[in-house]
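Structure assessment
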Amino acid sequence: MRVAGLIDNLQVNKMKKWNCSVIRLTKICCLLPLLSAGVCWGAESLNVSTSLSPDDPVYKGLQSFKKNVEKRTNGDVKIKLFSSGQLGADNELLQHAQAGSNVGVVVDGARLAQFVPEMAIIPAPFVFKDYATLKKFINSPVFAQWNDKMSKESGLTALSFNWYQGARMLVTQKPVATPADLSGIRVRALEAPVTIETIKCMGGSPTPLSWSEIYSSIQTGVVDAAEAQPTAVYGSKLYEITKNITKTNHIHLMTGIVVSQKWLSTLSQENQSILKEEAAKNGDLASENTIAAGDKMLDEMAAKGMTISTVDVKPFADACLYVPEKLGLSEAKKQVESVIN
């Protein structure tokens with residue numbers, strides 16, 4: 001019995017050591033994409049990730065943000081940019097930021113709703129009629145309260161949330177004029193309830209995928225269509241494999257640079273202010289450039305053979321009226337309306 005007990009103890013100890021090794025190996029494997037991407041984890045460096053391509057106006061705005069921050073801080077704060085999702089998935093990077101890592105993620109309210117449910121109203125369908133209305137809300141005390149809530153409850157904060165990416169439109173193979181035309185059409189969706197419900201209310205069948213997979217997924221028939229802003233459609237070259245863009249403008253996509261509050265607090269007050277000031281300044285510039293570039297890119301995609309259609313959006317908007325209530329966003333919608341109306 002004693003021998004058997006010793007053998008059992010030896011086996012248990014081996015299993016404990018093996019489990020610890022697996023845990024350590026798992027942690028290392030999780031970090032490998034970050035390390036291989038050349039990430040700098042210094043206390044006063046910030047690694048900013050976006051799913052957008054390097055030629056997108058928002059990415060160019062981030063380049064200006066980087067240049068100005070490094071200049072104004074005399075190099076005390078270094079910014080490293082990662083385009084096209086090369087640093088990793090947004091949700092995983094947000095987890096790193098929550099843990100205090102010096103990573104910034106360009107994300108919208110759909111991603112942040114897991115921390116502050118009210119945020120989901122920002123990308124809800126047909127809530128904002130245009131960029132000006134959306135910008136008015138982002139600059140309001142109501143949104144400031146939501147950002148404070150996010151900081152307290154999740155450890156995340158937005159340096160600024162004024163990086164407009166454009167009006168989202170339907171990108172399809174067949175013409176779309178009414179919600180009925182999307183029946184049975186598999187549309188790529190962000191992995192978030194508000195985006196999934198938006199595609200449903202507009203008549204389509206949502207298929208959650210990361211944006212980096214969109215080209216190959218349409219090409220191989222995993223999905224039939226997408227919904228995106230013109231700069232993203234152009235940047236991902238969807239004009240090569242799709243035929244129609246329908247200007248539903250169902251969502252006006254506003255994003256922000258979200259970072260770790262813990263990491264941010266390690267910087268001097270002056271450097272924190274510089275980061276926020278430059279994020280806001282360059283967010284406004286990038287937004288204006290995005291609007292101009294979007295119109296130009298629609299013309300270019302039309303020249304490449306795509307059909308760009310303007311439709312009556314009322315049937316789509318009416319079909320989506322239930323979304324805020326279904327997602328528990330009725331009060332958030334009232335807060336938005338108190339600002340923009």
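Identification of the chain as TRAP transporter solute receptor from Kluyvera georgiana ATCC 51603 is taken from an unreviewed UniProt entry. The UniProt entry for the chain carries this comment under Sequence similarities (unreviewed entry): "Belongs to the bacterial solute-binding protein 7 family."

**What to know about the overall build of the chain**
What the chain contains, in helices and strands, is 14 helices and nine strands. Counting across all 341 residues of the chain, residues that qualify as buried make up 50%. Contacts spanning at least 24 positions in sequence make up 75% of the contacts within the chain whose residues lie at least 6 apart. Of the roughly 15900 Å² of accessible surface on the chain, 54% is carried by carbon and sulfur atoms.

**Some words on the pairing of strand β2 (residues 78-82)**
As paired strands, strand β1 (residues 45-49) and β2 are joined by five bridges and run parallel to one another. For V48, the partnering residue across the bridge sits in β2 and is L81. With helix α2 (residues 57-72) bridging β1 and the parallel β2, this β-α-β connection has right-handed handedness.

**Some words on the environment of I185**
Mapped onto the elements, I185 comes out in the loop between β4 (156-172) and β5 (186-189). Distance in space between the C-alpha atoms of I185 and V223 is 7.9 Å, their sequence separation being 38 residues.

**Some words on the packing of aromatic side chains**
Going through the model one piece at a time under the given rule, you end up with six aromatic pairs. For the pair F137 and F143, a centre-to-centre distance of 6.4 Å together with 70 degrees between the ring planes defines the contact as edge-to-face. In this structure, F137 and F143 share a single accessibility class: buried. With a centroid separation of 5.1 Å and 40 degrees between ring planes, the pair formed by F143 and F161 is classed as tilted. Placement of the pair is F143 in helix α6 (residues 141-154) and F161 in strand β4, with a sequence separation of 18 residues. F161 matches F143 in its accessibility class, with the two residues each being buried.

**Side note on the confidence of the model for the chain**
In this model, the chain carries a mean pLDDT of 90, and residues with pLDDT of at least 70 account for 87%. Long-range and interchain partners of residues 1-38, a stretch whose pLDDT sits below 50, account for 12 contacts in this model, where long-range means more than four residues apart.

**As for the nonpolar core**
Core analysis: the largest hydrophobic core is formed by 43 residues, its most contacted members being L112, I121, I122, F137 and W146. Breaking this core down by element, the ones donating at least two residues are α3 (90-98), β3 (103-108), α4 (109-112), α5 (131-138), α6, β4, β8 (244-260) and α14 (330-340). At five residues, β4 tops the list of elements feeding residues into this core. Setting aside its immediate chain neighbours within four residues, I121 contacts V127, F128, W146, P324, L329, A332, K333 and V336. Within the second largest apolar cluster, 22 residues are counted, among which are F65, W163, A279 and A286.

**Quick word on unusual backbone geometry**
The phi angle at N74 is positive, at roughly 55 degrees, despite the residue not being glycine. Structurally, N74 is set in the loop between α2 and β2. A positive phi is found at S84, a non-glycine position, where the angle reads about 55 degrees. Looking at where S84 falls in the secondary structure, it is placed in the loop between β2 and α3.

**Side note on the pattern of salt bridges**
Under the defined criterion, the tally for this structure stands at 11 salt bridges. Measuring nitrogen to oxygen at the nearest pair gives 3.6 Å for the salt bridge that ties E191 to R111. Of the two residues, E191 is situated in the loop between β5 and α7 (193-201) and R111 in helix α4; the sequence distance between them amounts to 80 residues. On the basis of relative accessibility, which here comes to 38%, the residue E191 falls in the partly exposed class. Residue R111 is classed as buried on the basis of its relative accessible area, which comes to 11%. A salt bridge links K326 to E197; its shortest N-O distance comes to 3.2 Å. With K326 in helix α13 (residues 323-326) and E197 in helix α7, this pair connects stretches of sequence that are 129 residues apart. The class for K326 is exposed, based on a relative accessible area of 53%. Judged by its relative accessible area of 6%, E197 falls in the buried class.

The rules we used
- Residues numbered from 1 in each chain as written.
- Predicted model: local features only at pLDDT ≥ 70, side-chain atom pairs only at ≥ 80, totals over all residues.
- Heavy atoms only, no water.
- UniProt positions renumbered as here; feature names shortened; annotations may be inferred.
- Helix = DSSP H or I, 4+ residues; strand = E, 2+ residues; numbered from the N terminus.
- Buried < 20%, exposed > 50% of the residue type's maximum accessible area, 1.4 Å probe, protein only.
- Contact = heavy atoms within 4.5 Å.
- Areas by Shrake-Rupley, 256 points an atom, 1.4 Å probe, with all protein chains shown as cover.
- Pairing = 2+ DSSP bridges.
- Right-handed = clockwise from strand over helix to strand, strands pointing away.
- Phe/Tyr/Trp six-rings, centres within 6.5 Å; stacked < 30°, edge-to-face > 60°.
- pLDDT = per-residue confidence, 0-100.
- Core = buried A, V, L, I, M, F, W, Y, C linked by side-chain atoms within 4.5 Å.
- Salt bridge = Lys/Arg side-chain N within 4 Å of Asp/Glu carboxyl O.

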